[in-house]
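Residues per chain, in single letters:
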Amino acid sequence: MALTSSPAPGPSIVDRQAGHAPPRPSGGFGVGIALVVLAIVVGAMAQRGNDPGSPELAAVNVPETGHTTTVSVVADGMRYHPDTITVPAGDRLIIELSNRDNRRHDLVLATGPRTETVGQDATVRLDAGIIGGPVEGWCSLPGHRQAGMTLTITTDTATGSHADHTASPGSSAPVDAMADPGPEFVARDATAPRTGSDRVHRLELGVQETVREVAPGVRQRLWTFNGTAPGPVLRGRVGDTFEITLINDGSIDHGIDFHAGALAPDEPMRPIDPGERLTYRFTATKAGIWMYHCSTTPMLLHIGNGMFGAVIIDPPDLAPVDREYVLVASEFYLGPDGEPGDLDKMRAEQPDAVVFNGYVSQYAHRPLTATAGERVRIWLLDAGPNRATAFHVVGAHFDTVYREGRYELRPGEPGAAQILDLLPAGGGFVETVFPEAGNYPFVSHVMVDAERGARGIITVH
Ligand SMILES: [Cu+2]
C-alpha cells in the first residue's frame with residue numbers, strides 16, 4: 001500500500017497528518033476514515049518533509065483571488081534566490097525554477113507540489129497552488145536542505161510566519177556557512193609577512209574589545225590583539241629577539257603567552273589589569289610556526305573569544321618559494337549578536353563555526369590566488385581552542401610537509417601528503433605546485449568543520 005511504502009523518513013504520513021490536521025467537520029466521516037482519506041490525498045501528492053507544524057492545510061481556507069503570481073527563482077550556490085517569496089493571499093503561485101548550480105536540485109513544497117530534479121541551466125515550472133499562508137519549501141537531494149537550501153513562501157497578510165528565523169533575545173544568530181558576505185566584504189590578507197632583516201622585533205600589542213562580523217550578518221564582541229582575531233602574524237629567524245609590549249585596553253584582566261619563547265612563565269605571562277602594560281621579551285631559539293594567546297584563566301574563553309595569533313620563525317634552510325600564505329584555524333562559539341562568545345558552548349565543544357583567519361568561508365568568496373607551475377607554501381596554525389584540523393587542498397599533492405619543528409616530507413621523495421593534520425596549538429606548513437589553472441578548494445577535511453566554515457578556494461591562473 002502506498003502509505004506504508006512511502007520513502008518519507010520518520011513517523012508515518014498518517015501519524016504526522018493526524019498531528020497537524022486542522023479541525024475538520026465530522027459529519028459523515030468517522031475520524032479514522034477522515035484521516036485515512038486525508039493521508040491518501042497527501043500521500044498521493046508527494047513525500048512530506050519533517051517540518052513540524054506546516055500550516056499548508058490552512059492555505060485552502062482563504063478566498064481565491066483568481067489571480068496568478070509568477071516568480072522566477074534561481075538555484076545557485078546551494079541556495080534559492082530569492083529564498084523568500086511574498087504573494088497576495090489567495091493568489092495562485094507559479095514558480096519558475098532555474099538551476100545555475102553544477103549540482104542537480106529540485107524544489108519540494110510542504111503542501112506537496114514538487115519539481116523534477118534538474119541539472120545545470122535547466123528551468124522547470126511549479127504550480128504551487130493557492131497560497132493562503134506560509135509554506136516551506138526545500139531541495140530534497142540528500143543534505144541540501146540541511147545545508148540551507150530552503151525557501152519560504154508567505155503572504156502579504158501572514159503573521160507569525162515560519163519565515164521568521166530571527167534569533168530570540170539572548171541567543172546567537174544562526175551561521176550560514178554558504179552565505180555571501182556581500183560586495184563590500186574584504187577578506188583578511190592571507191599573504192605571509194616577509195622575513196625582514198631586523199634581528200630585534202619591537203611591537204605593541206593592544207588588547208582591544210572589538211565588535212566584528214565573523215560571518216555574514218553575525219557580529220561578536222571579540223577580545224583581540226590589535227583589533228583582529230587572529231592577531232597580527234609576526235615573523236623572524238632563529239636567534240631573533242622579540243620585545244612585545246602588551247597594553248590592556250580591555251575591561252577585564254588579560255595576559256600573553258608566546259610559545260615561540262622558552263622562559264619561566266611566572267612574570268611575563270601574568271595577567272594584567274585594564275590600563276596596565278607589560279613588556280614580554282623572548283629570543284626565538286627554535287624554528288616553527290608558534291601560537292601566541294592570552295594567558296588569563298579561563299584560557300578556553302580568552303582564546304575562544306579571539307585572543308590568539310601566530311609567530312613564524314623560519315627554519316634555517318627554508319627554501320624560497322613563489323608565494324606564501326598563512327592560515328590560522330579557529331572556532332567560534334557564538335554568544336548573542338554583538339556580545340562575547342558562549343563559554344558553555346566552548347565547554348561542550350559545540351562550535352557554531354570553524355574558520356580560517358577569523359571569518360566563515362571568507363576565501364570561498366575571495367579566493368587566494370596562485371599561478372600554475374608556481375611553488376606555493378601555506379603556513380598553518382591550529383589555534384583551536386578545542387578542535388583538530390586536517391588541512392587539505394582538493395586536487396593538489398603536498399610534496400613538502402613541515403610540522404611541529406621538522407620536515408616530514410620534502411620534494412623528490414616518492415610519496416606526497418594529502419593533509420596537514422594539527423592538534424590545537426600545532427603548526428607547520430605545506431608546499432605544492434599546482435599543475436594547471438583552475439579553482440582548487442581547500443578545507444579542513446574534518447567534514448563537519450568544512451560545513452561550518454573551514455573552507456576556501458585557491459584560484460590558479
Ligand atoms: Cu585574555
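Since the structure is predicted, the reported quantities are computational estimates derived from the model, not experimental observations.

K.L.:
Give a description of the overall build of the protein that names residues and reports values.
P.N.:
Scanning the protein from terminus to terminus reveals six helices and 27 strands. Counting the 461 residues in the protein, one finds 49% classified as buried. Here the analysis covers contacts within the protein between residues at least 6 apart in sequence; of these, 71% occur between residues at least 24 apart. Accessible surface, the protein as shown: approximately 20700 Å² in total, 52% of it carbon and sulfur.

K.L.:
Now, about the sheet that holds strand β10 (residues 218-225): what can you tell me, with residues and values included?
P.N.:
Read from one edge of the open sheet, four strands run β10-β9-β12-β14, paired in mixed fashion. The open sheet is flanked by β10 and β14 (277-283), the only strands paired with a single partner. Sheet twist, expressed as the average angle between the axes of neighbouring strands with direction ignored, equals 25°. As paired strands, strand β9 (residues 200-215) and strand β12 (residues 241-248) are joined by eight bridges and run parallel to one another. In the sheet register, V207 faces β12, and the bridge partner there is N248.

K.L.:
Talk me through the pairing of strand β16 (residues 308-314); I want residue IDs and the actual numbers.
P.N.:
Counting buried residues in β16 gives seven out of seven residues, a clear majority hidden from the surface. Side chains of β16 alternate between two faces, with F308, A310, I312 and D314 and G309, V311 and I313 buried alike. Of the pairings in the sheet, the one linking strand β11 (residues 234-237) to β16 comprises four bridges and is parallel in character. Bridge pairing in β16 links R237 to D314. Pairing of strand β15 (residues 288-293) with β16, which is carried by six bridges, proceeds in the antiparallel orientation. In the strand pairing of β16, G288 is matched with I313.

K.L.:
Requested: an account of the nonpolar core, with residues and values cited.
P.N.:
One finds L327, F391, V393, F434, F442 and I458 to be the most contacted residues of the largest nonpolar core, which totals 31 residues. Contributing elements (two or more residues each) for this core: β17 (323-332), β18 (353-356), β19 (368-370), β20 (375-384), β21 (389-393), β24 (420-422), β26 (438-444) and β27 (455-460). Beyond its immediate chain neighbours, meaning those up to four positions away, F434 contacts A370, A372, G373, E374, V376, V393, A396, Y440, I458 and V460.

K.L.:
Can you lay out the side chain of E431 for me, pointing to particular residues and giving the numbers?
P.N.:
When you line up the elements, E431 lands in strand β25 (residues 427-433). Only 2.9 Å separates the side chain of E431 from the side chain of R375, close enough to count as a polar contact. Those residues within four positions of E431 in sequence are excluded, and the remaining contacts are V321, R375, V376, R377, H397, F398, D399 and T400.

K.L.:
Which residues make up the environment of G306, and what values do they have?
P.N.:
Among the secondary structure elements, G306 is positioned in the loop between α3 (299-304) and β16. The buried category is assigned to G306, whose relative accessible area is 2%. Taking the C-alpha atoms as reference, G306 lies 5.5 Å from T224; in sequence the two are 82 residues apart. In contact with G306, not counting residues within four places along its chain, are W223, T224, T228 and A229.

K.L.:
Before we move on, could you go through the coordination of the copper ion and cite the residues and values that matter?
P.N.:
Six octahedral donors around a metal ideally subtend angles of 90 or 180 degrees, whereas four tetrahedral donors ideally subtend 109.5 degrees. Here the copper ion is held by the protein donor atoms H254 (ND1), C294 (SG), H302 (ND1) and M307 (SD), which lie 2.0 to 2.7 Å from it. Coordination at the copper ion is irregular, judged from the four donor atoms that bind it and the angles of 83 to 134° they form at the metal. Mapped onto the sequence, the donors of the copper ion take the spacing H-x39-C-x7-H-x4-M. Here C294 is found in the loop between β15 and α3, whereas its partner M307 is found in the loop between α3 and β16, with 13 residues between them in sequence. C294 gets classed as buried once you look at its relative accessible area, which sits at 0%.

K.L.:
Could you give an account of the sheet that holds strand β6 (residues 123-130), naming the residues involved and the relevant values?
P.N.:
One open sheet holds the four strands; their spatial order is β2-β1-β4-β6, and the pairing between them is mixed. Of all the strands in the sheet, the pair left with one neighbour each is β2 (79-81) and β6. Each strand of the sheet is rotated relative to its neighbour by a mean of 30°, with strand direction disregarded. One ladder, built from eight bridges, connects strand β1 (residues 68-76) with strand β4 (residues 92-99); its direction is parallel. Each bridged residue has a counterpart across the sheet, and for S72 the counterpart in β4 is E96.

Definitions and limits used
- Residues numbered from 1 in each chain as written.
- Predicted model: local features only at pLDDT ≥ 70, side-chain atom pairs only at ≥ 80, totals over all residues.
- Heavy atoms only, no water.
- Helix = DSSP H or I, 4+ residues; strand = E, 2+ residues; numbered from the N terminus.
- Buried < 20%, exposed > 50% of the residue type's maximum accessible area, 1.4 Å probe, protein only.
- Contact = heavy atoms within 4.5 Å.
- Areas by Shrake-Rupley, 256 points an atom, 1.4 Å probe, with all protein chains shown as cover.
- Pairing = 2+ DSSP bridges.
- Axes fitted to C-alpha atoms, helices over the stretch in contact; angles between N-to-C directions.
- Core = buried A, V, L, I, M, F, W, Y, C linked by side-chain atoms within 4.5 Å.
- Polar contact = N/O pair within 3.5 Å; in protein donor to acceptor, adjacent residues only side chain to side chain.
- Donors = N, O, S within 2.8 Å, 3.2 Å for Na, K, Ca; no water.
- Tetrahedral: all angles 85-135°; square planar, octahedral: opposite > 155°, others 65-115°.

Function-wise, these values are silent; they only describe arrangement.
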